[in-house]
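Residues per chain are reported as follows:
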Amino acid sequence: MKAANGEDVAYPFQGEYTVGKPAAVVSLTNMNILYVGVENPISISVPGIPSKDVSASISTGSITKAAGEGNHTIKISKLEREVTLSVNAKIDNRVQKMGEFKYKTRKIPSPVLKVGNLSSKKVTKDELMNAGKIRATFPEDFVFKVPPLTVRSFTISVGANDKPITGNTINPEAQSIIKAARKGQRVMITDVDVKLPDGRTESLETAFRIK
């Protein structure tokens, strides 16, 4: 170092440092579990290693690269107690194992049945007849992007009077059932079969009371 008079001055010192072994960094973008039947976004990287030299495999299901540096998606086809994600990296022309990560799997949640924009179970006949479409959606806290769920048919009934309806709209046939309901009667919407992305089929139902 330069001293105040401009001369070079040497300061002897000694120290220690540790070189750490490269290790993979894996982060599930949305959750710490893997859902069956949907694309689970995940970020995979190894510090100091280009993403093109990092590869990954999973014990069950499939893993594919997605848009963005280090981004991947994992899709699990069936429920497992645990799956293992293995990460490798190419270093000095040799493929080396960077780590294993274990995750539990879970079924996607059951969908919620919605009739138009109705938020109350007590409705007028006009409100129910003009509600529009019957929809099945996932709860708002389920953050994964999945194809819209399709309602292909349902049954609407008041007392012993019931009518199977094709499609997901409260059409004139359904409206005629509602129109015949008396004050205080329950209008049942049942047999709403919805196929989920993991292959399961759930039958949903709901009911309204005419006020």
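Structure's up top.
The paragraphs below set out a description of the structure included in this document.

Rules used in this analysis
Residues numbered from 1 in each chain as written. Predicted model: local features only at pLDDT ≥ 70, side-chain atom pairs only at ≥ 80, totals over all residues. Heavy atoms only, no water. Pairing = 2+ DSSP bridges. Helix = DSSP H or I, 4+ residues; strand = E, 2+ residues; numbered from the N terminus. Core = buried A, V, L, I, M, F, W, Y, C linked by side-chain atoms within 4.5 Å. Buried < 20%, exposed > 50% of the residue type's maximum accessible area, 1.4 Å probe, protein only. Contact = heavy atoms within 4.5 Å. Polar contact = N/O pair within 3.5 Å; in protein donor to acceptor, adjacent residues only side chain to side chain. Axes fitted to C-alpha atoms, helices over the stretch in contact; angles between N-to-C directions. Phe/Tyr/Trp six-rings, centres within 6.5 Å; stacked < 30°, edge-to-face > 60°. Lys NZ or Arg CZ within 6 Å of the ring centre and 35° of its normal.

Concerning the pairing of strand β5 (residues 62-65)
Put simply, side chains in a regular strand alternate between the two faces of the sheet. As defined by bridge partners, β5 adjoins strand β6 (residues 71-75) across 4 bridges and the pair is classed as antiparallel. In the sheet register, Thr 64 faces β6, and the bridge partner there is Thr 73. Here β5 folds back onto β6 in antiparallel fashion, the turn holding 5 residues, of which Gly 68 has a positive phi close to 105°.

Topic: the nonpolar core
Of all hydrophobic cores here, the largest spans 34 residues; its most connected members are Val 115, Leu 128, Ile 156, Val 187, Ile 189, Val 192 and Val 194. Among the secondary structure elements, those contributing two or more residues to this core are β10 (112-115), α1 (125-129), β12 (134-137), β13 (153-158), α2 (172-179), β15 (186-195) and β16 (201-210). By residue number, the principal contributor to this core is β15, which donates 4 residues. Sequence-distant contacts of Ile 189, defined by excluding residues within four places in its chain, comprise Val 115, Ile 134, Phe 154, Thr 155, Ile 156, Leu 204, Glu 205, Thr 206 and Phe 208. Leu 28, Ile 58, Ile 76 and Met 98 belong to the second-largest nonpolar core, a separate cluster that totals 21 residues.

Points about the environment of Val 46
Tracing the backbone shows Val 46 in the loop between β3 (39-45) and β4 (54-58). Look at Val 46 and you get buried, because its relative accessible area is 3%. In sequence terms Val 46 and Val 87 are 41 residues apart; their C-alpha atoms lie 8.8 Å from each other.

Some thoughts on the side chain of Thr 206
Inspection of the secondary structure puts Thr 206 in strand β16. Side chain to side chain, Thr 206 and Lys 121 meet in a polar contact 2.3 Å long. What Thr 206 contacts, discounting residues up to four positions off in sequence, is Leu 113, Val 115, Lys 121, Val 187, Met 188 and Ile 189.

Quick look at unusual backbone geometry
Glycine aside, a negative phi is what most residues show, and trans is what most peptide bonds show. You will see that Asn 93, though not glycine, has its phi angle at about 65°, which is positive. Along the chain, Asn 93 turns up in the loop between β7 (83-91) and β8 (94-103). For Asn 93, a relative accessible area of 71% translates into the label exposed. Look at Asp 191: it is not a glycine, yet its phi comes out positive at around 55°. Tracing the backbone through its elements, the reader meets Asp 191 in strand β15.

Concerning the sheet that holds β8
One open sheet accounts for 3 strands, arranged β4-β7-β8; its pairing is antiparallel. With one partner strand each, in any of the chains shown, β4 and β8 form the two edges of the open sheet. Neighbour to neighbour, the strand axes of the sheet diverge by 20° on average, direction disregarded. Where β7 lies against β8, 9 bridges are found, and the strand directions are antiparallel. Considered in β8, the bridge of Ala 89 is made with Gln 96.

Some thoughts on the packing of aromatic side chains
One pass over the full model with this rule turns up 2 aromatic pairs. Between the aromatic rings of Tyr 35 and Phe 142, the centroid separation amounts to 5.2 Å while the plane-to-plane angle is 90°, which identifies the pairing as edge-to-face. A residue pair is termed long-range when its members are at least 10 positions apart, and Tyr 35 in strand β2 (residues 34-35) and Phe 142 in the loop between β12 and β13 qualify at 107 residues. No difference in accessibility class separates Tyr 35 from Phe 142, as the two residues are buried. A ring pair is formed by Phe 138 and Phe 142, whose centres lie 5.1 Å apart and whose planes are at 45°; its orientation type is tilted. The exposure class assigned to Phe 138 is buried, which follows from its relative accessible area of 13%. Take Phe 142: its relative accessible area is 8%, and that puts it in the buried class. Sitting above the plane of the Phe 208 ring, Lys 121 keeps its charged end 4.9 Å from the centroid.

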